[in-house]
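# Breakdown of the fold
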Amino acid sequence: MTGRARHSGPGALRPARLGPADLVRLGGTGLRTRPLRVFLSALGIAIGVAAMVAVVGISSSSRAEVDRRLDSLGTNLLRVAPGKDAAGENVRLPEQVVPMVGRIGPVAEAAATGTLPDAAVYRNEHIPVGRTSSIEVAAADSGLLPAVGGRIRSGRWLSAATEEYPAVVLGAKAAQRLDVRAPGTRLWLGGSWFSLVGVLDPVPLAPEIDSSALVGRATARTYLGYDGHPTTVYVRAREDRVTAVRDVLAATANPQRPSAVLVSRPSDALAAREATESALTGLLLGLGGVALLVGGVGVGNTMVISVLERRPEIGLRRALGATSGQIRGQFVAESLLLSALGGLAGTVLGTLITGGYAYARDWPTSVPFWATAAGIATTLLIGALAGLYPAVRAGRLAPTEALAGT
């Protein structure tokens, strides 16, 4: 069809036009004659697209997991801690801070912990002093778990029954560092033997608890010299009143020195971590873009070599009536098809990588539609640019020059 002419009027001949289907067929024919070269060129494009789609997909899946965890844990947890006054001196929270905070109407839960800096916990009494494995000992209220959204992995939580004797509950990391799992194990804590009654699951919104050994307040007073002043207060407020509670929390926790009270929202830390991961995602996307550019150079190189190898074919088609525009269209179509093959393969590969990684981490799989659409669109753009020069070069070949192979 490309070499034939058709009459459009008396005595006038015009070259036949190639439709989109004709261009696709011609481009496909050109690719089928060099399968290995086509595969390697498409592979370069596929690697770049797969990298971009996988990076965006994994990042999106991570954000979906953060959102899922926040939905399950709640964003209504506030943390109160003592700060410093104008002179730079540490200001302690009042002993009765928990009932004071609990009187705020929208507050649903309030509990405190008090760090015991002079106490340390060891696997036994033979461990050298100072080798604490970064485990902090703290006195804890009985209502701490509901306030922070914690759960018992094994054993039980501190209760009124355990206040009569030295009992301790370990956070998830503390239990791992001490290499103890079974309740009933004895631990050397603050110069006395304590009985392990429970081990906690990780607490995402209060990670400091994971590395803590927790004892009851009364037990801490009796055995460890606890003065009763909390170092951290955890407050659960109604979802629709979190901001209002946050505004009055400092003045309520320490009416005499509200400026020396620190109030934070643990869920903000997760949001900050997500922002950090977004910055890393941008870097990885840049690397994926470089890989995609390298793939585009490979496509351009394949098309240039194709023009050089197929000069006789180009000359024959020109001699049979094909126009320069039809020759250019054929080679641009080949380049676009080659890039589209790589783009589609890369999109599928990137989606599979995202799905496999999310499955391994027990995350929801999330691949934004815009990422796959952008990957394919980018490959088509690169294919058009990569095939433009070879197509123009092929279209400029004169029939006699091309047939002569010079």
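Residues numbered from 1 in each chain as written. Predicted model: local features only at pLDDT ≥ 70, side-chain atom pairs only at ≥ 80, totals over all residues. Heavy atoms only, no water.

### Considerations on the nonpolar core
Quick note on the threshold: To define a nonpolar core, start from buried Ala, Val, Leu, Ile, Met, Phe, Trp, Tyr and Cys residues and group those joined through side-chain atoms within 4.5 Å. Only protein chains enter the accessibility calculation, which uses a 1.4 Å probe; a residue whose area is less than 20% of its type maximum is buried, one above 50% is exposed, and one in between is partly exposed. Residue contacts follow a heavy-atom distance rule, with two residues in contact if any of their heavy atoms lie within 4.5 Å.
By size, the foremost hydrophobic cluster in this structure holds 22 residues, and its most contacted members are Val 168, Leu 170 and Leu 189. In this structure, Val 168 is in contact with Leu 187, Leu 189, Phe 194, Ser 195, Leu 196, Val 197, Gly 198, Ala 213, Leu 214 and Val 215, ignoring residues within four places of it in sequence. Residues Leu 144, Ala 147, Ala 206 and Tyr 234 belong to the second largest nonpolar core, which totals 20 residues.

### Structural notes on helix α6 (residues 217–224)
Rules: Going along the chain from the N terminus, every DSSP run of H or I of four or more residues is numbered as a helix, and every run of E of two or more is numbered as a strand. Each direction from the helix axis to a C-beta atom contributes to the arc, which is the arc of those directions.
Three or more residues of α6 are buried, namely Thr 219, Ala 220 and Leu 224. For α6, the buried positions fall inside an angular range of 100° around the axis, keeping them on one side. Buried-residue contacts for α6 involve β6 (136–140), β8 (167–170), β9 (186–189), β10 (192–200) and β11 (212–216). After α6 finishes, the residue Gly 225 shows a positive phi value of roughly 70°.

### Details of the pairing of β11
Applicable threshold: At least two DSSP bridges between two strands are required for those strands to pair.
Most of β11 sits out of view: five of its five residues are buried. The side-chain alternation of β11 yields two buried faces, one formed by Ser 212, Leu 214 and Gly 216 and the other by Ala 213 and Val 215. Relative to β11, β6 runs parallel, the two being bridged by five bridges. Pairing of Val 137 across the sheet is with Ala 213, part of β11. As paired strands, β8 and β11 are joined by two bridges and run antiparallel to one another. Across the sheet, Val 169 pairs through a bridge with Leu 214, a residue of β11.

### Structural notes on the pattern of salt bridges
What counts here: Salt-bridge detection follows one rule: a side-chain nitrogen of Lys or Arg within 4 Å of a carboxyl oxygen of Asp or Glu.
Enumeration according to the criterion identifies six salt bridges in this entry. Between Arg 79 and Glu 208 there is a salt bridge, and its shortest N-O distance comes to 3.2 Å. Of this pair, Arg 79 sits in strand β3 (residues 77–82) while Glu 208 sits in the loop between β10 and β11, and the two are 129 residues apart along the sequence. The exposure class assigned to Arg 79 is buried, which follows from its relative accessible area of 17%.

### Quick notes on the packing of aromatic side chains
Selection criterion: To pair, rings of Phe, Tyr and Trp, with the six-membered ring standing in for Trp, must have centres within 6.5 Å; the planes then decide the type, stacked if under 30 degrees apart, edge-to-face if over 60, and tilted in the middle. Two thresholds decide whether a charge sits over a ring: the Lys NZ or Arg CZ must be within 6 Å of the ring centre and within 35 degrees of the ring normal.
On inspection of all chains with the given rule, the structure shows three aromatic pairs. Here the aromatic rings of Phe 194 and Tyr 223 are separated by 5.9 Å at their centres, their planes lie at 70°, and the arrangement is edge-to-face. With Phe 194 in strand β10 and Tyr 223 in helix α6, the pair connects residues that are 29 residues apart, well separated along the chain. With a centroid separation of 5.7 Å and an interplanar angle of 75°, the aromatic rings of Tyr 357 and Trp 363 are classed as edge-to-face. By relative accessible area, Tyr 357 is classed as partly exposed at 34%. When its relative accessible area of 17% is taken as the criterion, Trp 363 is described as buried. The ring of Trp 193 carries Arg 186 above its face, with NZ or CZ at 4.1 Å from the centroid.

### Here's the deal with a nonpolar patch on the surface
What counts, and what does not: Put simply, a patch holds well-exposed residues, over 30% relative accessible area, that have no salt bridge, with like charges counted together within 9 Å and Val, Leu, Ile, Met, Phe, Trp or Tyr side chains within 5 Å. Under the convention used here, a 1.4 Å probe and the Shrake-Rupley method define accessible areas, while residue burial counts only the protein chains that appear.
Among the surface-exposed residues, Leu 36, Phe 39, Leu 40, Leu 43 and Ile 47 lie close enough to one another that they form a single nonpolar patch of about 520 Å² accessible area. Structurally, Leu 36 is set in helix α2 (residues 35–73).

### Digging into the confidence of the model for the protein
Counted only if it meets this: For every residue, the pLDDT score states the predictor's confidence, bounded by 0 at the bottom and 100 at the top.
The predicted model of the protein averages 80 in pLDDT, with 80% of residues at 70 or higher. Per-residue pLDDT stays below 50 along residues 1–8; that stretch engages in 25 contacts with residues further than four places along the chain or on separate chains.

### Examining the environment of Arg 396
Counting through the fold element by element, Arg 396 comes out in helix α11 (residues 369–396). Judged by relative accessible area, which is 70%, Arg 396 ranks as exposed. Measuring from C-alpha to C-alpha, the distance between Arg 396 and Thr 323 comes to 9.8 Å, with 73 residues separating the pair along the chain.

### Some words on the environment of Val 261
Looking at the secondary structure, you find Val 261 in strand β13 (residues 261–264). Considered as a pair, Val 261 and Leu 93 are 168 residues apart in the sequence and their alpha carbons are 8.0 Å apart.

### Examining helix α7 (residues 242–253)
Worth spelling out the cut-off: One less than the number of residues in a helix, times 1.5 Å, gives the span that helix is expected to have.
An ideal rise of 1.5 Å per residue puts 16 Å on 12 residues; α7 measures up with 16 Å between its terminal C-alpha atoms. For α7, the elements touching its buried residues are β3, α3 (97–102), β4 (107–115), β12 (232–237) and β13.

### Re unusual backbone geometry
Despite not being glycine, Ser 134 has its phi angle at roughly 60°, a positive value. With respect to the helices and strands, the residue Ser 134 is situated in the loop between β5 (121–122) and β6. With a phi angle near 60°, Asp 362 is a residue other than glycine that sits in the positive phi range.

### Looking at the side chain of Thr 232
Within the secondary structure layout, Thr 232 lies in strand β12. Classification of Thr 232 by relative accessible area gives buried; the value is 14%. With residues near it in sequence (within four places) discarded, Thr 232 still touches Arg 79, Val 80, Ala 111, Ala 112 and Thr 113.

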